[in-house]
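# Structural overview for review
Given next are the chains, with one letter for each unit.
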Number of protein chains: 2
Amino acid sequence: MHFTSEQRLDDAVLERAFTLGEIPGLLWTPASAPAPLILIGHPPLGLRKMYPRLAGRARYYAAEYGFAAATIELPGSGERPRWAAAERARADLRRAMEAGEPVGDEIVDALVLPLVEKAVPEWQAALDALLSLPEIGGPVGFEGGVISIGVRLAVVEPRVAVAGFFAGSFVPAAMFEEARQVTIPLRVLLQWDDEGNDRQAALDLFDAFGSKEKSLHANLGGHTGVPRSEMEDGARFFARHLK
Amino acid sequence: MHFTSEQRLDDAVLERAFTLGEIPGLLWTPASAPAPLILIGHPPLGLRKMYPRLAGRARYYAAEYGFAAATIELPGSGERPRWAAAERARADLRRAMEAGEPVGDEIVDALVLPLVEKAVPEWQAALDALLSLPEIGGPVGFEGGVISIGVRLAVVEPRVAVAGFFAGSFVPAAMFEEARQVTIPLRVLLQWDDEGNDRQAALDLFDAFGSKEKSLHANLGGHTGVPRSEMEDGARFFARHLK
């Protein structure tokens, strides 16, 4: 892990860009150390595009709760190399949605499963590096982004103690089985009128999670309309569990 | 409205029992006045039985947010006279549930619709009396209890500006049509494994509400297992809207 730049967002929060091998990432740390860590997931649109939202959350977490936060670029996003199968799957998805056709299982599988396979070990490698820093303690929470990545990470990575998911992306059928193996406390956001998301599938996924403590927050509105109060509530949820 | 007794719960909260005609009620007021008012609904089990939970919420609202809170006995509960049709409907419900049979529409209608018809004008009369007190200002929030009473009240009573519902009781089919007419900001609680509640009906009811701002919070667990964090979140929801 190499830090490539740093800036103070305000007195309380230090933002550092890093690379982990070929993978770019961002780390935000509060003044107090060692801090619990939130891994902030995001959709595969590239860190540059997602930056304002990610930095806004991280700053809030650091300033209000003393959490550190970090994120890394997803495989095939931003400056990272594309791979042919993913490009094909994205094109198939676009075609199906533009034609108003249902998005078939093959498209969803081709779109999401390789991304999960590639991304999860990278988030685990990032965890190794981040947790070796003296300013970061633990435990670790994961939130947001591609829900299937979060599900897999919650199953295979024991250092992730709690998670907040956003049920706003296509979920391969195989992930429902993995969802049953998730046992950490969960908070799941659902936008009730999410254009590109299957509401019933999201409810079924919530039902499938094996966690004894799980909470679904559904809000009226489309994919990008999550109310700000949910970020604040999510922070309190992490604060209850990251002690 | 006649006050029949009063006690200080602590320095910040005054609890007064009252009668409104034949209807007993309770009012909690904070030190600061005039205060916004939360009407606290409850299941038809009698105020005496519900007292600890009601007083606990009211105390929290008054001490933490400076809200006044009030509740009245439901028709046919506590010391109030029963009526034959309601007793028959309750007996039918018990029989169906003990036999493990589905609870038919006739039973639900007979159980809930007359209760809504009788209770709603009483809550409105209570509002008249409460809002005439100098220590209570407005606006008014309604929460909890029999959801169909809350739905009707939200439709017919313009002084109720915001509501928090608990989707934990049988809902007559006719109430779904009324739900479409609700336009105030809503927060709906659902216990995911509520023994006596139909989850799909609760989701359908949430979908039916006409409000532009509505949020569903579903938590794992049975009817009585609502996490305490939801009371705190509910109070913040009211605070955002009762300004």
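Up top is the structure.
This report concerns the structure included in the present document. Since this is a predicted model, take the numbers as computed values, not measurements. (Residues numbered from 1 in each chain as written. Chains lettered and ligands numbered in written order. Predicted model: local features only at pLDDT ≥ 70, side-chain atom pairs only at ≥ 80, totals over all residues.)

Once that is clear, we can look at the overall build of chain A. When helices and strands are counted, chain A shows seven helices and nine strands. The C-alpha extent of chain A, read off along each of the three principal axes, is 50 × 40 × 30 Å. Buried residues in chain A amount to 44% of all 243 residues. Considering only residue pairs separated by 6 or more positions, chain A has 68% of its internal contacts joining residues 24 or more positions apart. (Helix = DSSP H or I, 4+ residues; strand = E, 2+ residues; numbered from the N terminus. Buried ≥ 20, exposed ≤ 12 C-beta atoms within 10 Å, placed from the backbone. Contact = placed C-beta atoms within 7 Å.)

A few words on helix α2 (residues 84–98) of chain B. In this model, α2(B) (15 residues) spans 21 Å end to end at C-alpha, consistent with the 21 Å of a helix rising 1.5 Å per residue. Where α2(B) ends, the next residue or the one after it, G100(B), has phi of about 70°, a positive value. (Expected span 1.5 Å × (residues − 1).)

Our next topic: the relation of the copies chain B and chain A. For the pair chain B and chain A, the best superposition has an RMSD of 0.0 Å and corresponds to a rotation of 180° with a translation of 0.0 Å parallel to the axis. These values place the two chain copies in the arrangement generated by a two-fold rotation axis. Identified as the residue of chain B closest to the rotation axis by C-alpha distance is H217(B), at 2.3 Å. Interface overlap between copies is the fraction of interface residues in one copy that are interface residues in the other; for chain B against chain A it reaches 100%, indicating a shared surface. (Least-squares fit on C-alpha atoms with pLDDT ≥ 70 in both.)

Side chains of a nonpolar character, in soluble globular proteins, are inclined to be buried together. Counting residues in hydrophobic clusters, the biggest one holds 142 residues, and the most contacted among them are A69(A), A167(A), A69(B) and A167(B). Those residues in contact with A167(B) that sit more than four places away from it in its chain are I147(B), V188(B), L189(B), L190(B), N197(B), A202(B), L205(B) and F206(B). (Core = buried A, V, L, I, M, F, W, Y, C linked by C-beta atoms within 7 Å.)

Every contact between the two is made by 11 residues of chain B and, on the other side, 11 residues of chain A. Considering every element that reaches the side of chain B that touches chain A, the biggest residue donor is strand β9 (residues 214–219) of chain B, with six residues. Residue classes in the side of chain B that touches chain A are distributed as four nonpolar, three polar and four charged. Sheet topology places strand β9 (residues 214–219) of chain A next to β9(B); five bridges connect them, and they run antiparallel. In the sheet register, N219(A) faces β9(B), and the bridge partner there is S215(B). (Nonpolar A, V, L, I, M, F, W, Y, C, P; charged D, E, K, R; others polar. Pairing = 2+ DSSP bridges.)

Moving on: the environment of R82(B). Residues and elements named next belong to chain B. With respect to the helices and strands, the residue R82 is situated in the loop between β5 (68–72) and α2. Taking C-alpha positions, R82 is 32 Å from W192, a pair spaced 110 residues apart along the chain. The residues touching R82, leaving out its near neighbours within four places in the chain, are G76 and E87.

All names here are of chain B. Spanning 19 residues, helix α1 (residues 47–65) covers only 24 Å between terminal C-alpha atoms, well under the ideal 27 Å at 1.5 Å per step. By the largest-angle criterion, R53 marks the main kink of α1, which is about 35°. Those residues of α1 that fall on the buried side of the exposure criterion are L47, M50, L54, R57, A58, Y61 and A62. At its buried positions, α1 is contacted by β2 (13–20), β3 (23–30), β4 (35–41), β5 and α7 (228–241). Following α1 by one or two positions, G66 adopts a phi angle in the positive range, close to 70°. (Bend = angle between axes of the 7 residues up to and from the residue.)

Below, the discussion takes up the pairing of strand β3 (residues 23–30) of chain A. Residues and elements named next belong to chain A. A large share of β3 lies buried, amounting to six of its eight residues. Bridge analysis of strand β2 (residues 13–20) against β3 gives eight bridges, and the strand direction is antiparallel. Bridge assignment links R16 to a residue of β3, and that residue is L27. Hairpin remark: β2 followed by β3, antiparallel, with two residues in the connecting loop; positive phi at G21, about 60°.

Next up on the list: unusual backbone geometry. Cis peptide bonds are those with omega within 30 degrees of zero, and the linkage from G138(A) to P139(A) qualifies with -5°. Within the element layout of this structure, P139(A) appears in strand β6 (residues 136–144). Here the amide bond leading from A33(B) into P34(B) is cis, since omega sits at -5°, within 30 degrees of zero. Topologically, P34(B) is positioned in the loop between β3 and β4.

With that settled, consider the packing of helix α4 (residues 147–156) of chain A against helix α5 (residues 173–180) of chain A. Residues and elements named next belong to chain A. Where α4 contacts α5, the two axes come as close as 9 Å, and the packing angle between them is 35°. Every pair of crossing elements has a handedness; the one defined by α4 and α5 is left-handed. When α4 is examined against α5, the residues S148, V151, R152 and V155 are found in contact with a partner set consisting of M175, E178 and A179. Residues that form the contact of α4 with α5 fall into these classes: four nonpolar, one polar and two charged. (Axes fitted to C-alpha atoms, helices over the stretch in contact; angles between N-to-C directions. Left-handed = near helix turned anticlockwise from the far one by under 90°.)

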